[in-house]
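# Results of the structural survey
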Amino acid sequence: MIAVAAIILAVLVALAVPVAAALGILAVALSKLYAFFPLLPALGETLWSNSTEFVLVAVPMFILMGEILLRAGIAEDMYRGVDSWVNRVPGGLMHTNIASCTLFAATSGSSVATAATIGTISIPNMKRMNYGPSLYLGSIAAGGTLGILIPPSVNMILYGVLAEVSVTQLYLAALIPGVLLAVLFSVAIAVFCIVRPDLDGEHADADWAARFRGLRALAAPVLLFLVVVGSIYAGWATPTEAAALGVVASLILALSRRRLSWPDFLAALEGTMRTTSMVVLIVTAAFFLNFVMVSIGLTSAITSAMTGLDISPFMAMVIIVCVYLVLGCFMETLSLMVATTPIVTPIVASFGYDLVWFGVVFMILIEAALITPPIGVNLFVVQSVRGGAPGPIRQVMLGSLPFLIMMVAMVFILIAVPGLATWLPRIAM
């Protein structure tokens, strides 16, 4: 049963069948082959009951918030403000890329949007300031992945719904590891630029007056973070209510700067609808697949197979990490997360791991899939926005490798010190 499911999924992925269709076809095929009673009549009820989850309303809200920030030019001001503070460190603008991605991730909730936005702003400076292209482009691709780890994260919401854990606790758990991972990225940049000075570029001088002026540009993303994530942490709002507050706050900020035209706002709405429709279609297909797998006993069979290996919890986690690093080379991140969450979470729980803690580890593994060739989405996003700095995508791939190593290191740090993810939820809740 396990082998048949894996083969069907592999064939569908190889044929480039759209993700939602692939999950639906797999569900129907498994129900026809192994179900003792017809499962297809339950499709309507399964999709309706799961798609009406209140927390899912936050998904289009967070997407719309990022779209508004992008089109209002707030991200560009933020980038210049960050640069005035960090450009003297070895690595210069590459630290600006990481810091800007971290701040934008704290307001957008999307890795692709973060990489595309910061890449569009940053890449024109690469050639002008004589930076080595590989590590510079890799810093944008890797920094963009923070969009699904640092709250508010759309992927965290989907994991919370699929794994049936609190989204608020996931947001609390992800904050410290997210900031620590950004610091590890900057450490890697500094080390590489000290060892290989040719990777570094020119550093623009900024006096203290310019730095304090830059703080005003940082006020908008910090304010949004406090409105959205602060209201969740304080217990004043649910993730869905906080997402609505974030949309209102981003609109006020954009209108106060008079940089959001009516066509821009309509484009933001259209982009939100397109992305939300794709996400919800994939998620609802995954819900039905999960229902089929539970009904035919596939989930329990996989769990029994893993627990029957007579291995330690640590070795089980090492196996899971290795499997996701391999799968990330061949599967798109959203489909990887949605298709495997119902399978892997029972296995993780059976070995005694906390599912909130695993949610943070899982997001980092999904992040790694965004920058692993051949289909790492962020690699292609950065390559597509290179514009006036053309070159082979191999440069982006090679430049992302040091950051991939930092992600794997962060996973094992969390395994060794789980309190980095569990301490804040335990204190706050």
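So, here is what we can say about the structure in this document. (Residues numbered from 1 in each chain as written. Predicted model: local features only at pLDDT ≥ 70, side-chain atom pairs only at ≥ 80, totals over all residues. Heavy atoms only, no water.)

This part is about the packing of helix 8 (residues 133–144) against helix 18 (residues 377–384). One way to put it is that helix 8 packs onto helix 18 with a least axis distance of 9 Å and a crossing angle of 130°. Classified by the angle their axes make, helix 8 and helix 18 are oblique. As for how helix 8 packs across helix 18, the hand of that crossing is right-handed. Listed contacts from helix 18 to Leu137, Ile140, Ala141 and Gly144 of helix 8 are Asn378, Leu379 and Val382. (Axes fitted to C-alpha atoms, helices over the stretch in contact; angles between N-to-C directions. Helix = DSSP H or I, 4+ residues; strand = E, 2+ residues; numbered from the N terminus. Parallel < 35°, antiparallel > 145°, perpendicular 65-115°, else oblique. Left-handed = near helix turned anticlockwise from the far one by under 90°. Contact = heavy atoms within 4.5 Å.)

On to the packing of helix 5 (residues 74–86) against helix 7 (residues 111–128), then. Contact pair helix 5 / helix 7: the axes reach a minimum separation of 9 Å and the direction vectors enclose 50°. Compared by their axis directions, helix 5 and helix 7 come out oblique. In the packing of helix 5 onto helix 7, the handedness of the crossing is right-handed. Between helix 5 and helix 7, the contacting residues are Ala75, Glu76, Met78 and Tyr79 on the first element and Thr117, Ile118, Ile121, Ser122 and Asn125 on the second. For the contact of helix 5 with helix 7, the residue count by class is five nonpolar, three polar and one charged. (Nonpolar A, V, L, I, M, F, W, Y, C, P; charged D, E, K, R; others polar.)

The step from Pro151 to Pro152 runs through a cis peptide bond, and the omega angle for that step is -5°. If you trace the backbone, Pro152 turns up in the loop between helix 8 and helix 9 (154–163). Positive phi is not limited to glycine here, since Glu164 has a value of about 60°. Along the chain, Glu164 falls in the loop between helix 9 and helix 10 (167–195). Look at Glu164 and you get exposed, because its relative accessible area is 74%. (Buried < 20%, exposed > 50% of the residue type's maximum accessible area, 1.4 Å probe, protein only.)

Once that is clear, we can look at empty space enclosed by the protein. Scanning the model with the defined rule gives one cavity of 30 Å³ or more in all. Estimates place the volume of the largest cavity at around 50 Å³. Considering only residue class, the lining of the largest cavity consists of seven nonpolar, one polar and no charged. (1 Å grid on protein atoms, 1.4 Å probe; cavity = no way out; pocket = protein on both sides within 12 Å on 5 of 7 lines; lining within 4 Å. Points joined across faces, edges and corners; volume = space filled by probe spheres on them.)

Another aspect to go through is the environment of Thr107. Along the chain, the position of Thr107 falls in helix 6 (residues 93–108). Taking the relative accessible area as the measure of exposure, Thr107 reaches 2% and is therefore buried. Those residues in contact with Thr107 that lie beyond four places of it in its chain are Met65, Gly66, Leu69, Pro152, Pro221, Leu224 and Phe225.

This part is about helix 15 (residues 313–327). Its 15 residues give helix 15 an end-to-end C-alpha distance of 21 Å, which sits within 8% of 21 Å, the value for a rise of 1.5 Å per residue. Burial in helix 15 covers these residues: Ala316, Met317, Val318, Ile320, Val321 and Tyr324. (Expected span 1.5 Å × (residues − 1).)

By the element assignment, Thr272 lies in helix 13 (residues 262–296). Leaving out residues up to four positions away in the same chain, Thr272 has contacts with Pro60, Ile63, Leu64 and Glu67.

Before going further, it helps to examine the packing of aromatic side chains. Within this structure, the stated rule accounts for seven aromatic pairs. Taken together, a centroid distance of 5.2 Å and an interplanar angle of 50° make the contact between Tyr131 and Tyr136 tilted. Looking at Tyr131, the relative accessible area reads 6%, which means it is buried. Between Tyr324 and Phe362, the ring centres sit 5.1 Å apart and the planes meet at 70°, which makes this aromatic pair edge-to-face. Of this pair, Tyr324 sits in helix 15 while Phe362 is found in helix 17 (residues 355–370), placing the two residues 38 residues apart along the sequence. Grouping residues by exposure puts Tyr324 and Phe362 together as buried. Ring pairs connect the aromatic residues Tyr159, Tyr324, Phe358 and Phe362, which therefore count as one cluster. (Phe/Tyr/Trp six-rings, centres within 6.5 Å; stacked < 30°, edge-to-face > 60°.)

This part covers the side chain of Thr102. Assignment of secondary structure puts Thr102 in helix 6. Using a relative accessible area of 17% as the deciding quantity, one classes Thr102 as buried. Ignoring any residue separated from it by four or fewer positions in sequence, one finds Thr102 in contact with Leu146, Ile150 and Ala182.

Turning our eyes to something else, we now look at a nonpolar patch on the surface. A grouping of Val179, Val183, Val187, Val191, Phe192, Ile194 and Val195 is seen on the molecular surface, where their side chains present a nonpolar patch of about 610 Å² in accessible area. For Val183, the position within the fold is in helix 10. Residue classification places Val183 among the partly exposed residues on the basis of a relative accessible area of 44%. (Patch = residues over 30% accessible without salt bridge, like charges linked within 9 Å, V, L, I, M, F, W, Y side chains within 5 Å. Areas by Shrake-Rupley, 256 points an atom, 1.4 Å probe, with all protein chains shown as cover. Salt bridge = Lys/Arg side-chain N within 4 Å of Asp/Glu carboxyl O.)

A word on helix 9. One full turn of an α-helix is made of 3.6 residues, so residues set three or four places apart face in the same direction. Among the 10 residues of helix 9, 10 are classified as buried, and the element is accordingly described as predominantly covered. Among the residues of helix 9, Val154, Asn155, Met156, Ile157, Leu158, Tyr159, Gly160, Val161, Leu162 and Ala163 are the ones counted as buried. Each element contacted by the buried residues of helix 9 is listed here: helix 4 (58–71), helix 10, helix 13, helix 16 (333–350) and helix 17. For helix 9, the side-chain oxygen to backbone nitrogen distance between the N-cap and Asn155 is 3.3 Å, and the N-cap itself is Ser153. Downstream of helix 9 by one or two residues, Glu164 has phi in the positive range, about 60°. (Polar contact = N/O pair within 3.5 Å; in protein donor to acceptor, adjacent residues only side chain to side chain.)

These figures come from the coordinates and say nothing about function on their own.
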